[in-house]
Amino acid sequence: DQGTSSSRSIVFTEAGEMLAIAQQEFHQHFPRPGWVEHDAMEIWRSQLATAREALSKAGITAEQVHAIGITNQRETTLVWHRDTGEPLGHAIVWQDRRGEALCQQLREQGHEALIRERTGLVVDAYFSATKLAWILANVPGARDLANQGKLAFGTIDSWLLWQLTGGTAAQGALHATDASNASRTMLFNIGTQTWDDELLALFDIPRSLLPEVHPSSHVFAHTHHSVFGGARVPIAAMAGDQQSALFGQACFTPGLAKNTYGTGCFLLTHTGGRR
């Protein structure tokens, strides 16, 4: 459970009982008013440390783990080098407002209805698209490297999956996300369940940056042998924290809703098959 202010790992039994838990806070960076950033490598180190600590507390080895599920702070955006796995800079956190100028421009140009129809989202700097556009426009060399296919974009779920599966393209690291996280980028067409070419053109984002999209319940890959001392554990689920909480709080029937209270307060409703 990779959150906005801490990373946490929990070991559950087959019956769903909590066997052990470990948690570690990490630094928040505020380089300017309205800007919020995270060190992506610190996130990875803290998440891996809590996973290993939770296994130790539970008194088990990774070989005894049936599967890993990832849930994460949503919308937080980062770009990294495929060859080295090194981030291009700090991750831009969901709270960050630097993309508001671009949002205002899109509203003034009349694109709000199109974005709402394709993505289900209002035009806001909260979502990943304007953060990614800002990185490509402002980080030296980012645009050229992206056009050459040398960079990968992801939200935190994608970043953890990449690191868990090797950390570099040469090691076979997987670049993927799930539908719940993709749907919060302002680039994903919720009708076709694919990245939307018209929106990518609107934000001037190369498709080569984007991860594969799979269902939330899906065997994405197995962990690289270096992560847990030789064990290859299936990574069998990924979902944004609020969607996973809706499921975790047993809102299985259309019409049920839940609030969660963390860094923010979030209300989600099970809508069934209706858009």
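Just so it is clear, the model here is predicted, and its values are computed rather than measured.

Cut-off values and rules
- Residues numbered from 1 in each chain as written.
- Predicted model: local features only at pLDDT ≥ 70, side-chain atom pairs only at ≥ 80, totals over all residues.
- Heavy atoms only, no water.
- Helix = DSSP H or I, 4+ residues; strand = E, 2+ residues; numbered from the N terminus.
- Polar contact = N/O pair within 3.5 Å; in protein donor to acceptor, adjacent residues only side chain to side chain.
- Salt bridge = Lys/Arg side-chain N within 4 Å of Asp/Glu carboxyl O.
- Buried < 20%, exposed > 50% of the residue type's maximum accessible area, 1.4 Å probe, protein only.
- Patch = residues over 30% accessible without salt bridge, like charges linked within 9 Å, V, L, I, M, F, W, Y side chains within 5 Å.
- Areas by Shrake-Rupley, 256 points an atom, 1.4 Å probe, with all protein chains shown as cover.
- Pairing = 2+ DSSP bridges.
- Axes fitted to C-alpha atoms, helices over the stretch in contact; angles between N-to-C directions.
- Contact = heavy atoms within 4.5 Å.
- Left-handed = near helix turned anticlockwise from the far one by under 90°.
- Phe/Tyr/Trp six-rings, centres within 6.5 Å; stacked < 30°, edge-to-face > 60°.
- Lys NZ or Arg CZ within 6 Å of the ring centre and 35° of its normal.

Trainee: What is the right way to read the environment of Gln64 from this model?
Mentor: The topology assignment puts Gln64 in the loop between α1 (40–58) and β4 (68–72). Considering only alpha carbons, one finds Gln64 and Val227, 163 residues apart in sequence, at a separation of 15 Å. Side-chain polar atoms of Gln64 contact the backbone nitrogen of Thr61, separated by 2.9 Å.

Trainee: Got a minute to help me understand the pattern of salt bridges in this structure?
Mentor: When charged atoms on two side chains of opposite charge get close, those side chains can pair. Applying the stated criterion across every chain, the model contains 14 salt bridges. The salt bridge partner of Asp1 is Arg8, with a shortest N-O separation of 3.5 Å. Overall, the relative accessible area of 27% leaves Arg8 in the partly exposed class. Residue Arg207 is joined to Asp197 by a salt bridge in which the shortest nitrogen-to-oxygen separation is 2.6 Å. A residue pair is termed long-range when its members are at least 10 positions apart, and Arg207 in the loop between α8 (197–203) and β11 (212–214) and Asp197 in helix α8 qualify at 10 residues. Each of Arg74, Glu75, Arg184 and Asp241 takes part in one network of salt bridges that share partners.

Trainee: Whenever I open this one, a nonpolar patch on the surface confuses me. Can you help?
Mentor: Among the surface-exposed residues, Ile10, Phe12, Met18 and Ile21 lie close enough to one another that they form a single nonpolar patch of about 360 Å² accessible area. Elements with a contribution of two residues or more to the nonpolar patch: β1 (6–12) and β2 (18–25). Considering the arrangement of structural elements, one finds Ile21 in strand β2.

Trainee: Hey, could you run me through the sheet that holds strand β13 (residues 234–240) in this one?
Mentor: Either a parallel or an antiparallel arrangement is found when strands of a sheet pair, and the pairing is made through backbone hydrogen bonds. One open sheet holds the 3 strands; their spatial order is β4-β13-β12, and the pairing between them is mixed. Looking at which strands have only one partner, the edges of the open sheet turn out to be β4 and β12 (217–222). For this sheet, the mean angle separating the axes of adjacent strands, direction not counted, is 35 degrees. Pairing analysis gives 5 bridges linking β4 to β13, with the strands arranged parallel. If you follow Ile68 over to β13, its bridge partner there is Ile235. Helix-sheet contacts for helix α6 (residues 156–164) involve β4, β12 and β13, and the interaxial angle to β4 is about 145 degrees. Here helix α9 (residues 241–248) sits on the sheet in contact with β4 and β13, set at roughly 100 degrees to β13.

Trainee: Would you explain the packing of α1 against α6 in this entry?
Mentor: Helix-helix packing: each pair is described by the crossing angle between the helix axes and the interaxial distance. At a minimum axis separation of 11 Å, α1 and α6 run at an interaxial angle of 65 degrees. Classified by chirality, the crossing of α6 by α1 is right-handed. Along the contact surface, α1 presents Ala40, Met41, Ile43, Trp44 and Gln47, while α6 presents Ile156, Trp159, Leu160, Gln163 and Leu164.

Trainee: Looking at this structure, I do not really get the packing of aromatic side chains. What am I missing?
Mentor: Any aromatic ring pair is given by two values, namely how distant the centres are and how the planes are angled relative to each other. Applying the stated criterion across every chain yields a total of 8 aromatic pairs. Aromatic side chains Trp35 and Trp134 sit 5.3 Å apart centroid to centroid with 80 degrees between the ring planes, which places their arrangement in the edge-to-face category. Of this pair, Trp35 sits in the loop between β2 and β3 (37–38) while Trp134 sits in helix α4 (residues 128–138); the two residues are 99 residues apart in sequence, bridging distant segments of the chain. Ring geometry for Trp94 and Phe266: centres 5.9 Å apart, planes at 65 degrees, overall edge-to-face. With Trp94 in the loop between β6 (91–92) and α2 (100–108) and Phe266 in strand β15 (residues 265–269), the pair connects residues that are 172 residues apart, well separated along the chain. When its relative accessible area of 17% is taken as the criterion, Phe266 is described as buried. The side chain of Arg98 reaches across the aromatic face of Trp35, ending 3.7 Å from its centre. The ring of Trp134 is capped by Arg98, whose NZ or CZ atom sits 4.5 Å from the centre of that ring.

Trainee: What exactly am I supposed to notice about the pairing of β15 here?
Mentor: In summary, the side chains of a regular strand alternate between the two faces of the sheet. Only one face of β15 is buried: it carries Phe266 and Leu268, and the other face, with Cys265, Leu267 and Thr269, is open. Pairing of strand β14 (residues 257–261) with β15, which is carried by 5 bridges, proceeds in the antiparallel orientation. Residue pairing in the sheet places Thr260 in a bridge with Phe266 of β15.

Trainee: Would you mind showing me how to read unusual backbone geometry here?
Mentor: Glycine aside, a negative phi is what most residues show, and trans is what most peptide bonds show. Positive phi, close to 75 degrees, is recorded for Met186, a residue that is not glycine. When you line up the elements, Met186 lands in the loop between α7 (179–182) and β9 (188–189). Even without being a glycine, Asp204 presents a positive backbone phi close to 55 degrees. Residue classification places Asp204 among the partly exposed residues on the basis of a relative accessible area of 48%.

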